[in-house]
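Working through the structure, step by step
Given next are the chains, with one letter for each unit.
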Amino acid sequence: MDHEFDQSYWERHWGAGGSAMSGRQLPVNPYLLAETAHLRTGTALDAGTGTGAEALWLAEQGWQVTGADISTTALEAAARRASDAGLAGQVEWIQADLSSWEPGRLWDLVVTSYAHPATGQLPFYRHIASWVAPGGTLLIVAHLRGHHTGGHGDQQVSPPGDDGHAENATATLAGVTELFAAPGWSIVACYENTRTVAPAASSAGPPVELNDLVVRLHRL
Ligand SMILES: C[S@@+](CC[C@H](N)C(=O)[O-])C[C@H]1O[C@@H](n2cnc3c(N)ncnc32)[C@H](O)[C@@H]1O
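Residues numbered from 1 in each chain as written. Predicted model: local features only at pLDDT ≥ 70, side-chain atom pairs only at ≥ 80, totals over all residues. Heavy atoms only, no water.

Some points on the overall build of the protein
- Helix and strand counts for the protein stand at six helices and seven strands.
- Secondary structure elements of the protein occur, N-terminal to C-terminal, as α-α-β-α-β-α-β-β-α-β-α-β-β.
- Taking all 220 residues of the protein together, 52% fall into the buried category.
- Taking the contacts inside the protein whose residues are at least 6 apart along the sequence as the reference set, 72% of them involve residues at least 24 apart.
- Here the protein has roughly 9400 Å² of accessible surface; of this, 52% comes from carbon and sulfur atoms. (Helix = DSSP H or I, 4+ residues; strand = E, 2+ residues; numbered from the N terminus. Buried < 20%, exposed > 50% of the residue type's maximum accessible area, 1.4 Å probe, protein only. Contact = heavy atoms within 4.5 Å. Areas by Shrake-Rupley, 256 points an atom, 1.4 Å probe, with all protein chains shown as cover.)

Below you can see the structure in the form of structure tokens.
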């Protein structure tokens with residue numbers, strides 16, 4: 001890796017000609033449905049929302065959603081998707097560097113999928129966890145460390161040594177569960193999973209195998 005995962009990196013990632021362009025209309029990841037469909041709806045934050053697939057799915061289920069991301073390019077695409085889906089009134093989009101953001105409010109549900117900021121994973125998870133309301137849920141979906149993964153959950157294949165493998169862009173089950181062994185949290189689900197994702201319609205690439213880490217936590 002010869003760069004930081006800073007705002008300019010993510011603007012390039014989502015911008016015209018960036019590696020994520022062909023995947024911008026990605027479907028929602030399957031863990032969101034599996035881990036949240038039974039929850040009573042309320043307020044939800046999608047931290048590192050990208051082009052908003054998960055935020056929009058939550059809005060469709062009746063959640064009042066905040067989608068936050070460091071990339072204005074991604075958020076503009078997300079807002080267009082919300083408008084096209086008739087969901088503009090149910091999602092607010094906020095541009096912020098979430099590793100230092102202090103929103104001054106809490107959400108019933110905080111989700112983050114494949115977000116990897118410059119700070120690395122565990123400090124990021126510790127920070128966003130502080131925004132979960134008592135009785136609420138934190139859902140973490142991450143690239144699993146030590147496995148070949150497609151980059152960024154965006155159906156692009158990362159060559160060996162590219163971002164899909166960067167140590168600070170991945171997490172381990174032990175690392176995340178240890179972080180939340182702290183009082184005030186209960187681990188409801190934690191598992192590793194491998195799934196194959198078809199290439200985006202606009203891409204001629206092969207299917208991508210994603211090695212994922214999923215942790216769902218309840219804030220006491
Ligand atoms: C790989 S994408 C995942 C997008 C979406 N959650 C998904 O699963 O398809 C990671 C996202 O995290 C965002 N991100 C990275 N660092 C961030 C930070 N410090 N603050 C807010 N968002 C950040 C990026 O802009 C990008 O949209």
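So, the site of the ligand
- Around the ligand, a shell composed of 18 residues is seen, among which Trp14, Gly48, Asp69, Asp97 and Leu98 lie nearest.
- Note that a nitrogen atom of the ligand is positioned 3.5 Å from one of the backbone N or O atoms of Ala96.
- Within the backbone of Ser113, an N or O atom sits 2.9 Å from a nitrogen atom of the ligand.
- Protein contact buries 97% of the 590 Å² of open area that the ligand shows by itself.
- The cavity that encloses the ligand is the largest pocket. (Near = heavy atom within 4 Å. Polar contact = N/O pair within 3.5 Å; in protein donor to acceptor, adjacent residues only side chain to side chain. 1 Å grid on protein atoms, 1.4 Å probe; cavity = no way out; pocket = protein on both sides within 12 Å on 5 of 7 lines; lining within 4 Å. Sits in = over half its atoms within 2 Å of the grid points.)

Looking at helix 3 (residues 53–61)
- Of all nine residues in helix 3, seven are buried, a share of seventy percent or more.
- Residues Ala53, Glu54, Ala55, Leu56, Trp57, Leu58 and Ala59 constitute the buried set of helix 3.
- Residues of helix 3 that are buried sit in contact with helix 2 (30–36), strand 1 (43–47), strand 2 (64–69), helix 4 (72–84), strand 3 (91–95) and strand 4 (107–113).
- Downstream of helix 3 by one or two residues, Gly62 has phi in the positive range, about 110°.

Geometric descriptors of this kind do not, in isolation, establish any biological role.
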